[in-house]
Amino acid sequence: MEHELGELFADVGLFATEGDGAPPEPPELDPNVLLPSEVRDDRDEIGEGDRVVLIVEDDADFARTELEVARQRGFKGIVAMRGDSGLALAHAFKPDAIILDMALPGMDGWTVLDHLKHHPETRHIPVHIVSAGDGRQNALKAGAVAFLEKPLTKEGLDDAFGDIQTFIDRVKNLLVVEDDSAQRDSIVELVGSGEDVDVTAVSSSEEALAALQAKRFDCMVLDLKLPEMTGFDLLEQLKSDERFASIPVIVYTGKELTRGEETQLKRVSEAIIVKDASSPERLLDETSLFLHRVERKLPQEKRRMLEQLHSADEVLRGKRILIVDDDVRNVFALTSVLEAAGMEVLYAENGKDGLATLAANPEVDLVLMDIMMPEMDGYETIRAIRNRQEFNQLPIISLTAKAMKGDREKSIASGASDYITKPVDTDQLLSLMRVWLYK
């Protein structure tokens, strides 16, 4: 039976885990994958104190140009021409920055970015996307620091590496906008100013706009209920000003959002990067991601909070999960992994049955929604779920085909909380579920 399960997991791209809650293991360093023959880089010449950039790009000519510009800017460069080798090199060398293309062989850039930002040893590394096609908003929401569209001139690359230099060198700035002084102080204490982060805390939208005019901020924590100009109004103003349109905004509020308020947030999030955080642990996690903080350098109590958030099996144990998928192989493989982590799994083979199952089991904690289903697809099913007031806050993770990049944008637009690509990486899925299930 164990052999049959192994074959089934391999067939659908799922692999059993030990369930110990540890972060996913980095890929093994396969010399056949890691040594690009087309581009000679600096991996054998890196010394103590050298500033290193990892270039993950399958176009050899463009990779050479990126490497040349990197060297001119004082970086040592490492080149990977496949996504899987890029991820392995990131773990092996811990570079100061990563330049990442999205259309890669072996493992696409979306999956590489997901892995980087879900592992404590790599999530702080600033990732600059240089890629043809769309996906800017989702890349920034996932934790990328910038998204540059190809074709890109050598001058444009030089500017990009200049930005990378500046980003690495400077202290990161966080703006906290909260009118309740006790809550404001607790947020500042939670995040903590230090050598790597400087926190500016204000009590109104008007003060926030003044602070934004005076200083560059890397991230904002925002309460929506503010005097005079509300948090929603502030977001609308930021959206209309291109200087602030890429600032990640973490909405931190204990207030349950109405359907209309959710719609407002989604409208501004087309320009502003909006994520929510409902607990101090999640707030620390999200600010650490967008401020690119090195987790191991945080104070011990902060590290412990993040470790519990990312790796505690108690977060998963006893949770009820609904899988909506018409492929019984996927369902069987997912169920095996989730039940091994202590979760209870319900199953529906199409969108219509999924809605009925959810109505009969409103205590479901999270939904895994396949997108490609006959009759009622995942998009339509998610929209139908969100039309029910009682399911406004229900975490829904869509399972999208990695070859169909438009699926990601459509999933989020239809109301999904997050997405993961098929074939599903179980370590990545469990990490994502822990974040959404943490209370």
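First, a word on what this report is: a plain description of the structure on this page. It should be emphasised that the depicted structure is a prediction, and the values quoted were computed from it without experimental measurement.

Cut-offs applied
- Residue numbers restart at each chain and count upward from 1, following the sequence in its written direction.
- Only residues with pLDDT of at least 70 get local features here, since the model is predicted, and only at 80 or more are side-chain atom pairs given and counted; chain-wide, interface and lining totals rely on the full set of residues.
- Hydrogens and water are ignored here; the side-chain numbers use all heavy atoms of the structure.
- Secondary structure elements follow DSSP: runs of H or I of four or more residues count as helices, runs of E of two or more count as strands, with numbering from the N terminus.
- Expected helix span is taken as 1.5 Å per residue step, with the number of steps being one fewer than the number of residues.
- The rule is simple: take the accessible area with a 1.4 Å probe, protein chains only, and divide by the maximum for that residue type; under 20% is buried, over 50% is exposed, in between is partly exposed.
- Any two residues having at least one pair of non-hydrogen atoms within 4.5 Å are treated as being in contact.
- Polar contact criterion, stated in full: a pair of N or O atoms within 3.5 Å, where within protein one must be able to donate a hydrogen and the other to accept it, and residues adjacent in sequence count only if both atoms are side-chain atoms.
- For this analysis, a nonpolar core means a set of buried residues of the types Ala, Val, Leu, Ile, Met, Phe, Trp, Tyr and Cys, connected via side-chain atoms within 4.5 Å.
- Side-chain rings of Phe, Tyr and Trp, where Trp is taken by its six-membered ring, are said to pair if the distance between their centres is within 6.5 Å; with planes under 30 degrees apart they count as stacked, over 60 as edge-to-face, and otherwise as tilted.
- As a reminder, the over-ring test applies to NZ of lysine and CZ of arginine, requiring each to be within 6 Å of the ring centre and within 35 degrees of the ring normal.
- When a carboxyl oxygen of Asp or Glu is within 4 Å of a side-chain nitrogen of Lys or Arg, the pair counts as a salt bridge.
- Think of a patch as exposed residues, more than 30% relative accessible area, with no salt bridge, where like charges cluster within 9 Å and nonpolar side chains (Val, Leu, Ile, Met, Phe, Trp, Tyr) cluster within 5 Å.
- Using a 1.4 Å probe, accessible areas were evaluated by the Shrake-Rupley method; residue-level cover was limited to the displayed protein chains.
- As used throughout, the charge tally considers Lys and Arg to be positive and Asp and Glu to be negative, leaving His and the chain termini uncounted.
- Where a charge lies is defined by one atom per residue type: Lys uses NZ, Arg uses CZ, Asp uses CG and Glu uses CD.
- Orientation is described by lines fitted to C-alpha atoms, with helices fitted over the stretch in contact, and by angles between N-to-C directions that extend from 0 to 180 degrees.
- When describing relative orientation, an angle under 35 degrees is termed roughly parallel and one over 145 degrees roughly antiparallel, while 65 to 115 degrees is termed roughly perpendicular and anything else oblique.
- Crossing handedness follows the turn of the near helix against the far one: under a right angle anticlockwise gives a left-handed crossing, and clockwise gives a right-handed one.
- Each residue is assigned to one of three groups, with Ala, Val, Leu, Ile, Met, Phe, Trp, Tyr, Cys and Pro labelled nonpolar, Asp, Glu, Lys and Arg labelled charged, and all others, Gly among them, labelled polar.
- Two strands are counted as paired when DSSP detects at least two bridges linking them.
- Our arc is simply the arc of the directions from the helix axis toward the C-beta atoms.

**Brief notes about helix α3 (residues 60-72)**
Given a rise of 1.5 Å per residue, 13 residues ought to cover 18 Å, and the 18 Å separating the end C-alpha atoms of α3 matches this to within 8%. All of the buried residues in α3 are A60, F62, A63, E66, L67, V69 and A70. Next to the buried residues of α3 lie β1 (52-56), β2 (76-80), β3 (97-100), β4 (127-131) and α7 (154-169). Where α3 starts, the residue carrying a side-chain oxygen 3.0 Å from the main-chain nitrogen of D61 turns out to be D59. A positive backbone phi angle near 90° is found at G74, which sits one or two residues after α3.

**Here's the deal with the environment of L283**
For L283, the location among the structural elements is in helix α12 (residues 280-290). The spacing of L283 and I250 is 33 residues in sequence and 7.7 Å in space, taken between C-alpha atoms.

**Side note on the nonpolar core**
If you look at the biggest cluster of nonpolar residues, it comprises 25 residues, and the most contacted ones within it are L54, I98, L100, L113, I129 and A139. Elements that contribute at least two residues to this core include exactly β1, β2, α4 (83-93), β3, α5 (109-118) and β4. In terms of residue count, the dominant contributor to this core is α5 (four residues). Once you skip the residues sitting within four places of it in the chain, L113 turns out to touch L100, M102, V127, A139, A142 and A144. Core analysis: the next-biggest nonpolar cluster, separate from the first, contains 24 residues, L224, F232, V249 and L265 among them.

**Quick look at the packing of aromatic side chains**
Applying the stated criterion across every chain yields a total of one aromatic pair. Note on F75 and F161: the rings are 5.9 Å apart at their centroids and 55° apart in plane angle, and the pair reads as tilted. Taken together, the residues F75 in the loop between α3 and β2 and F161 in helix α7 connect sequence positions 86 residues apart. A relative accessible area of 3% places F75 in the buried class. Here the guanidinium or amino end of K172 rests over the ring plane of F167, the centre of that ring lying 4.5 Å away. Geometry around W436 places R282 over its ring, the cationic atom sitting 4.8 Å from the centre.

**Description of the pattern of salt bridges**
It is possible for side chains of opposite charge to pair when their charged atoms get near one another. Using the criterion set out here, one finds 23 salt bridges in the structure. Within the structure, one salt-bridge network assembled from shared partners comprises E57, D101 and K150.

**Let's talk about a negative patch on the surface**
A contiguous patch of negative charge on the surface is contributed by D179, D180, D185, E189 and E301. By the secondary structure assignment, D179 is in the loop between β6 (172-177) and α8 (181-191). Residue classification places D179 among the partly exposed residues on the basis of a relative accessible area of 35%.

**Comments concerning the environment of K172**
Mapped onto the secondary structure, K172 falls in strand β6. You can call K172 buried: its relative accessible area is 8%. Considering only alpha carbons, one finds K172 and C219, 47 residues apart in sequence, at a separation of 8.6 Å. Among residues more than four places away in sequence, those in contact with K172 are F167, D196, V197, D198, D218 and L291.

**Comments concerning the packing of helix α9 (residues 205-214) against helix α10 (residues 231-239)**
Orientation of α9 relative to α10, taken along the N-to-C sense of each, is 25°, at an axis distance of 10 Å. In terms of orientation, α9 lies roughly parallel with respect to α10. Between α9 and α10 lies a crossing of right-handed hand. Between α9 and α10, the residues in contact are S205, A208, L209 and L212 and G231, L234, Q237 and L238, respectively. Class assignment for the residues of the contact of α9 with α10 results in five nonpolar, three polar and no charged.

**Some details on the packing of α8 against α12**
The contact between α8 and α12 brings their axes to 10 Å, and the two run at 55°. On the basis of their axis angle, the class for α8 and α12 is oblique. α12 is crossed by α8, and the crossing has right-handed handedness. Judged by residue contacts, I187, L190 and V191 of α8 engage P280, L283, L284 and T287 from α12.

**Details of the sheet that holds strand β12 (residues 344-348)**
Pairing between the strands of a sheet comes from backbone hydrogen bonds, and it takes one of two forms, parallel or antiparallel. In spatial order, the strands read β12-β11-β13-β14-β15; together these five strands make up an open sheet with parallel pairing. Each edge of the open sheet carries a strand with a single partner, namely β12 and β15 (418-422). The mean inter-strand angle of the sheet, taken between neighbouring strand axes irrespective of direction, is 20°. Here strand β13 (residues 366-370) runs beside strand β14 (residues 396-401); their pairing, made up of four bridges, is parallel. The residue of β14 that forms the bridge with M369 is S398. Sheet contacts for helix α14 (residues 328-340): β11 (320-324), β12, β13, β14 and β15; angle to β11, the most-contacted strand, approximately 165°.

**Section: helix α11 (residues 259-268)**
Restricting attention to buried positions, one finds in α11 the residues E261, E262, L265 and V268. The arc that holds the buried residues of α11, viewed along the axis, is 130°, so those residues lie on one side.

**Looking at the environment of L309**
In this fold, L309 is placed in helix α13 (residues 300-311). Accessibility expressed as a relative area gives 0% for L309, which makes it buried. The spacing of L309 and S431 is 122 residues in sequence and 9.0 Å in space, taken between C-alpha atoms.

Everything listed is a geometric property; what it means functionally is a separate question.
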